[in-house]
Amino acid sequence: MDGTYKIMIVDDEFEIREGLNAYYWERFQFQVIACAANGKQALDLMQRNDVDVVLTDIKMPVMDGIELSRAINLHYPHVKIVILSGYKEFSYARDALQAGVSEYLLKPVDLKNLSESMMKLKLELDAERETSQRLQAYENQLASSLPAARNHFFQALIDEPLPEYHKAKEEMSLLEIEMNATYYCCAAVKLEATTRQDNALPDSVAAKAQGILERHLEAGQCQSYTLRRKAGELAVFLNLNATAVPARRSLSLLWEQIISSIEQETGCRSIVGLGEVYQSLLSFPDSYKQARSVMERNTFLERGGLFLWDTADEQHVERKEYPYSHETKLLDAVLEGNLDNSLLHFQQFWTSCGLDSERAELPVVLKYLAPLFTMLERRLDLHGASLESIASLPMPISEFVERFPTLSTLKIALERLISDIALQIKHVNDDVQTTSHSAVQQVKKYIEEHYSEKITLNQMAELVYLNPSYFSIQFKKETGTNFIDYLKNCRMEKAKELLRRIDLKVYEIGELVGYQDRKYFATTFKSHTKLTPLEYRQSFITY
């Protein structure tokens, strides 16, 4: 759409219509598209033409300008109305304003006033057009993002505080989510490839499995919504009516068919946890937690199938204490780059956690591995490294762990991972031993030459290509003091040297050693020498 607006001229005098028609409207980006001799004729023309502005006289036969303005305001409220009138009486202007007129100009019309009025109208039309286009774009975007909005609704339903019932129903209505049956339940589904050691499931296979799942649920007259939580893991929200078969039994039969079809058509294994059945959609979070818990408990059993939540299964299981001593030995060995000791202490850590048990569940495995790898990430940071940079392993570790279908394959992968990290760290340690001394010396030389400038730890670490945390440790190891104190001591020694001269003012000396704030310089100097800068200078003056 271009920036031109369409205008209609309404006046019962031919000469006036033609005169206005010949006006240079294009300079204001207007185009005359029709002329009318009275209000009725104008309304007839407006039914067949899009009009943005109507320029009309008041006194006309059949239908005058005020009546026309009222009709336009009623039927075409977006159209701007400009009245050109020879009537100066207040009553006409008042009636025009009440009829929705935008501008009221007196004849003979001053061209300057007309120009100003048309420019004003153009700005208003521009703003309205921009708003309209923005709203249309928003509506189009909303329509195209409806699936994402539905995803967000169900994600929030199980992750965030529960909304009020009427609010949840209202949002479901806006998102066109149909769940009006009697019973509500959640399933947690884990899809695993059986032909890959690391269990990575191609997106195409996961999408096909999801399609099979949704097809069966629809055929079973079960309203549902499937949410992808992560690669190969789905949360399924189920809504069904009462049948001759109890709701949970009905769902179990349906899911057994789904699991069988997925295995036959995709070759991948399904582990499905099914939560309790409730009679309120606000029970979805409870049902989902139950479903995911029972699904996770059966993740490492090397078989798929349907597993139902049962409170009787939730017996207290004694958990071993976290083996901090084995963690420390393992991390020290890895950070020393000692491959043999790293593998030895990992086996001791694994055994002491009880992870060799066939019944070790995913939450239990993560309970021990999550803090171990979190601490390893912190220790690696001091070496200027990370799990991602060394082993292409982004945190959290849970995503790595869940890629493996069995404990045995997970353990093999972890041993390989720890071996790789230890070897990488060995190379880093070898390089650092030869570079850290020269790096510290380079920074000390830089401070000596640039002490008057702004100097930061990060800036110096970047200068010598070291991680700031690691550089800080190496600097203190080499110099016996931390970086900040070393820089301050260097500046104070330079200040003392300059204060022994009498050709510089105290504040000038502060600026020369890197302190723009004279008060801060004086405070720092006194803290360092027990004397103010002036007292220190006077102690060297001989009379």
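J.: Tell me about the sheet that holds strand β5 (residues 103–106), and name the residues and values.
T.: Taken in spatial order, the 5 strands make up an open sheet running β2-β1-β3-β4-β5, and their pairing is parallel. Edge strands, defined here as strands with exactly one partner in the open sheet, are β2 (30–36) and β5. In this sheet, adjacent strand axes meet at a mean angle of 20° when their direction is disregarded. Summarising the sheet, strand β1 (residues 5–10) and strand β3 (residues 53–56) pair through 4 bridges and their orientation is parallel. Opposite Ile-9, over in β3, you have Leu-55 as the bridge partner. Across the sheet, helix α1 (residues 14–21) lies against β1, β2, β3 and β4 (80–85), angled at about 165° from β2, the strand it touches most.

J.: I'd love a proper account of the nonpolar core, names of residues and values included.
T.: Of all hydrophobic cores here, the largest spans 37 residues; its most connected members are Phe-373 and Leu-410. For this core, the element with the most residues is helix α13 (residues 362–381), which contributes 10 residues. Those residues in contact with Phe-373, other than ones at most four positions away along the chain, are Leu-387, Leu-393, Met-395, Ile-397, Leu-414 and Leu-417. In this structure, Met-460, Tyr-470, Met-492 and Tyr-515 belong to the second largest nonpolar core, which totals 28 residues.

J.: Summarise the environment of Gln-223; cite the residues concerned and give the values.
T.: Considering the arrangement of structural elements, one finds Gln-223 in strand β7 (residues 223–230). Using a relative accessible area of 30% as the deciding quantity, one classes Gln-223 as partly exposed. Remark: the alpha-carbon pair of Gln-223 and Leu-238, spanning 15 residues in sequence, is separated by 6.0 Å. If we ignore the near neighbours within four places in the chain, the residues touching Gln-223 are Glu-178, Met-179, Asn-180, Ala-181, Phe-237, Leu-238 and Asn-239. Looking at Gln-223, its side chain comes within polar contact range of the main-chain nitrogen of Asn-180, at 3.1 Å.

J.: Which residues make up the confidence of the model for the protein, and what values do they have?
T.: With 88% of its residues at a pLDDT of at least 70, the protein reaches an overall mean of 83. Ranking the helices and strands of the protein by mean pLDDT puts β1 first, with 92, and helix α4 (residues 90–98) last, with 63.

J.: Lay out helix α12 (residues 339–352) in plain terms, naming residues and giving numbers.
T.: When the terminal C-alpha atoms of α12 are compared, their 20 Å separation across 14 residues agrees well with the 20 Å that a helix rising 1.5 Å per residue should span. When we look at burial in α12, the residues that qualify are Ser-342, His-345, Phe-346, Phe-349 and Trp-350. All buried residues of α12 project into a common sector of 145° when viewed along the axis, lining one side. Two or three places before Asp-340, at the start of α12, stands the capping residue Asn-338, its side-chain oxygen 3.4 Å from that residue's backbone nitrogen. Directly beyond the C-terminal end of α12, a positive phi value near 75° is found at Gly-354.

J.: A description of the sheet that holds strand β9 (residues 268–274) should follow, citing residues and the corresponding values.
T.: Spatially, 5 strands are ordered β7-β8-β6-β9-β10 in an open sheet, and the strand pairing comes out mixed. Two strands lie at the open edges of the sheet, namely β7 and β10 (305–308), each paired on one side alone. Strand-to-strand twist across the sheet, computed as the mean angle between neighbouring axes with direction ignored, equals 20°. Where β7 lies against strand β8 (residues 233–240), 7 bridges are found, and the strand directions are antiparallel.

J.: Report on the packing of aromatic side chains, specifying residues and quantitative values.
T.: Two numbers describe a pair of aromatic rings. These are the distance of the centres and the angle of the planes. Counted under the stated rule, the structure contains 16 aromatic pairs. When the centroid spacing of 5.8 Å and the interplanar angle of 40° are considered together, the rings of Tyr-515 and Phe-521 count as tilted. According to the relative accessible area criterion, Phe-521 is buried, its value standing at 1%. Members of the aromatic cluster, each reached through a chain of ring pairs, are Phe-153, Phe-154, Tyr-184, Tyr-225, Phe-237 and Phe-284. A cation over a ring is seen here: Arg-491 above Tyr-515, with NZ or CZ 5.7 Å from the ring centre. The ring centre of Tyr-507 lies 4.6 Å from the NZ or CZ of Arg-518, which sits over that ring.

J.: Tell me about the state of the cysteines, and name the residues and values.
T.: Taken as a whole, this structure holds 0 disulfides when the rule is applied. This cysteine, Cys-185, is not joined by any disulfide, and Cys-186 carries the nearest cysteine sulfur, 6.7 Å off. Accessibility expressed as a relative area gives 0% for Cys-185, which makes it buried.

J.: So what about unusual backbone geometry? Which residues, and what values?
T.: The phi dihedral of Val-62 is positive, around 65°, even though this residue is not glycine. You will see that Gln-221, though not glycine, has its phi angle at about 55°, which is positive. Inspection of the secondary structure assignment puts Gln-221 in the loop between α8 (203–219) and β7. Accessibility expressed as a relative area gives 71% for Gln-221, which makes it exposed.

J.: So what's going on with the packing of helix α11 (residues 324–336) against α12? Which residues, and what values?
T.: Interhelical geometry of α11 versus α12 gives an angle of 160° and a closest axis separation of 8 Å. Between α11 and α12, the angle is such that the two are roughly antiparallel. Judged by the sense of rotation from one axis to the other, the crossing of α11 with α12 is left-handed. Of α12, the residues touching α11 (which contributes His-326, Glu-327, Lys-329, Leu-330, Ala-333 and Val-334) are Asn-341, Ser-342, His-345, Phe-346, Gln-348, Phe-349 and Ser-352. Considering only residue class, the contact of α11 with α12 consists of 5 nonpolar, 6 polar and 2 charged.

J.: Just give me the short version of a negative patch on the surface, but keep the residues and values in it.
T.: A grouping of Asp-12, Glu-13, Glu-15 and Glu-18 is seen on the molecular surface, where their side chains present a negatively charged patch. When you line up the elements, Glu-13 lands in the loop between β1 and α1.

J.: Describe the side chain of Asp-57, and please don't skip the residues or the numbers.
T.: Locating Asp-57 in the fold gives a position in the loop between β3 and α3 (65–75). The exposure class assigned to Asp-57 is buried, which follows from its relative accessible area of 8%.

J.: For the environment of Leu-355, give the residues involved together with the corresponding values.
T.: Within the fold, Leu-355 resides in the loop between α12 and α13. Residue classification places Leu-355 among the buried residues on the basis of a relative accessible area of 1%. C-alpha separation for the pair Leu-355 and Tyr-368, spaced 13 residues apart in sequence, amounts to 9.0 Å.

J.: I'd like to hear about the environment of Tyr-23, residue by residue, with values.
T.: If you trace the backbone, Tyr-23 turns up in the loop between α1 and β2. Owing to a relative accessible area of 14%, Tyr-23 belongs among the buried residues under this scheme. Sequence separation between Tyr-23 and Leu-111 is 88 residues; the distance between their C-alpha atoms is 9.9 Å. Beyond its immediate chain neighbours, meaning those up to four positions away, Tyr-23 contacts Phe-28, Leu-111, Leu-114 and Ser-115.

What counts and how
- Residues numbered from 1 in each chain as written.
- Predicted model: local features only at pLDDT ≥ 70, side-chain atom pairs only at ≥ 80, totals over all residues.
- Heavy atoms only, no water.
- Pairing = 2+ DSSP bridges.
- Helix = DSSP H or I, 4+ residues; strand = E, 2+ residues; numbered from the N terminus.
- Axes fitted to C-alpha atoms, helices over the stretch in contact; angles between N-to-C directions.
- Contact = heavy atoms within 4.5 Å.
- Core = buried A, V, L, I, M, F, W, Y, C linked by side-chain atoms within 4.5 Å.
- Buried < 20%, exposed > 50% of the residue type's maximum accessible area, 1.4 Å probe, protein only.
- Polar contact = N/O pair within 3.5 Å; in protein donor to acceptor, adjacent residues only side chain to side chain.
- pLDDT = per-residue confidence, 0-100.
- Expected span 1.5 Å × (residues − 1).
- Arc of directions from axis to C-beta.
- Phe/Tyr/Trp six-rings, centres within 6.5 Å; stacked < 30°, edge-to-face > 60°.
- Lys NZ or Arg CZ within 6 Å of the ring centre and 35° of its normal.
- Disulfide = S-S within 2.5 Å.
- Parallel < 35°, antiparallel > 145°, perpendicular 65-115°, else oblique.
- Left-handed = near helix turned anticlockwise from the far one by under 90°.
- Nonpolar A, V, L, I, M, F, W, Y, C, P; charged D, E, K, R; others polar.
- Patch = residues over 30% accessible without salt bridge, like charges linked within 9 Å, V, L, I, M, F, W, Y side chains within 5 Å.
- Areas by Shrake-Rupley, 256 points an atom, 1.4 Å probe, with all protein chains shown as cover.
- Salt bridge = Lys/Arg side-chain N within 4 Å of Asp/Glu carboxyl O.
- Lys, Arg positive; Asp, Glu negative; His and termini not counted.
- Charge placed at Lys NZ, Arg CZ, Asp CG, Glu CD.

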